[in-house]
Amino acid sequence: MRDFLPAEKARRESVLAVIRERYRAHGFDEIETPVMEEYSRLHAGIGGDNEKLAYNVLKRGLDADAIRDAADDPAGLTDLGLRYDLTVPLARFYATNRGQLPSVFRSVQIAPVWRAERPQKGRYRQFVQCDIDIIGDASARAEAELAVATLDTLDALGLEGGSIRINDRRVLDWMLDSFGFTAGERPGVLITIDKLDKLGPDGIVAELRERGATAQAVDAFEVFLRRPTTLEYSPYGERQIRKALPEAAPDEIIAHLAGVGSAVAAARATGIEGDIPLVFDPFLVRGMGYYTGTIFELAHPSVDYSLGGGGRYDGMIGRFLGQEVPAVGFSIGFERIVDLVAERTDAAAPAVVLVHDRDVTEAELLALKAALVRQGSRVRLEQRTKNLKALLERAASDGYSAFATVAAGATADALEVKPLA
């Protein structure tokens, strides 16, 4: 968990303002949920490994005997926990407030979440997630809207050239079934397949054999991995999807994936044939246990890791509501993106440091400051020091762009404002 100095906090808020504005432009409405949820909800078996990383809150009023009696039962010690993502709270929010929401609800949540990670570069115990979700729409339009809004937001942040890898959990299940893997060994097989980029085909096959997966299934999978392929370029669409899968893949799922591409292509029309920022990846897994259909990951050519992701989770809300409701979401990895965004400046809001002599009265200083604030400036008062250069350098690092020196009797009209650069 981290502190943020003023300049860094301002930078983060500037990026968040762009994200909020773009999401709002695409018709998503921001909501807020509590930082804590019920223990039973956070540990309902839908959060995958994140459930193991949840911070749980001790029940109030427990004495030493009660703690000893429940020492081996976390549910007996805790009744609440800090949220580890924003999707589980959204599902509870929708089930609670459905009567006040539109039939197709487009939500934005931008808020911190907490996981008991082992601290290391790029992994924090408190971090911000930026989620957009569409609840109540089972069509490919929902996935396309999320993809277009996400790519548009990336562009607005100056990170043009992004693309989205896309797959479908139903395709993965069908493919593993067609190879002959049993339902019981499927979760472990998916964990191994998720390492394909790191291990390569040889490593994947070797690990599957070490796992003791069905030998004939591993043989069939190895044949598929080593099948002859051509270098012919195929833009995203039905032809590319079928080419990347074993024969006889389900038509309904392929049509859904192709429909996402058609809609994204229409929204992102560039005039270049086949220029669709989607890439079908039959081995994209994503580990969240609640995904039931389409899954995505956000990629950018400047880095070799994903900048976000999401998927369809049609089964989650039904757990809280008692009836099935389609839902799909996309989360931007804010902590990764904020480090890639170039420094932003706001020319419409000048930031001025008033460097004053010791004998200038408080009334004069506050009157000068108020006058500049009314003109739209951001203003800081600083008493002159011997090392004026160090004072101005610190102000510049805090985001100030100009300064003026103030002597006793100075007026706002007579101030000589100079740039800090």
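Residues numbered from 1 in each chain as written. Predicted model: local features only at pLDDT ≥ 70, side-chain atom pairs only at ≥ 80, totals over all residues. Heavy atoms only, no water.

*Asks:* Account for the packing of aromatic side chains, with residues named and values stated.
*Replies:* Aromatic ring pairs: the centre-centre distance and the angle between the two ring planes describe each pair. In this structure the tally under the stated criterion is 10 aromatic pairs. When the ring of F93 is compared with that of F105, the centres are 6.3 Å apart and the planes differ by 25°; the resulting orientation is stacked. On the criterion of sequence distance, the pair formed by F93 in helix α5 (residues 87-97) and F105 in strand β5 (residues 105-114) is long-range, its members being 12 residues apart. F105 gets classed as buried once you look at its relative accessible area, which sits at 4%. Seen from their ring centres, Y290 and Y313 are 5.8 Å apart, and the 65° between their planes marks the pair as edge-to-face. Separated by 23 residues along the polypeptide, Y290 in the loop between β8 (278-280) and β9 (294-299) and Y313 in the loop between β10 (308-312) and α13 (316-321) bring together distant segments of the chain. Put simply, the rings of F179, F181, F221, F224 and F283 touch in pairs and so form one group of aromatic residues. Over the ring of Y124 we find R2, and its NZ or CZ is 3.5 Å from the ring centre. In this structure, R41 is placed above the aromatic ring of F320, and the distance from its NZ or CZ to the ring centre is 5.4 Å. (Phe/Tyr/Trp six-rings, centres within 6.5 Å; stacked < 30°, edge-to-face > 60°. Helix = DSSP H or I, 4+ residues; strand = E, 2+ residues; numbered from the N terminus. Buried < 20%, exposed > 50% of the residue type's maximum accessible area, 1.4 Å probe, protein only. Lys NZ or Arg CZ within 6 Å of the ring centre and 35° of its normal.)

*Asks:* A description of the pairing of strand β14 (residues 402-406) should follow, citing residues and the corresponding values.
*Replies:* Where burial is concerned, most of β14 is hidden: 4 out of the 5 residues are buried. The pairing of strand β12 (residues 351-356) with β14 spans 5 bridges and is classified as parallel. The residue of β14 that forms the bridge with H356 is V406. Bridge analysis of β14 against strand β15 (residues 418-419) gives 2 bridges, and the strand direction is antiparallel. Note on β15: the bridge partner recorded for F403 is K418. (Pairing = 2+ DSSP bridges.)

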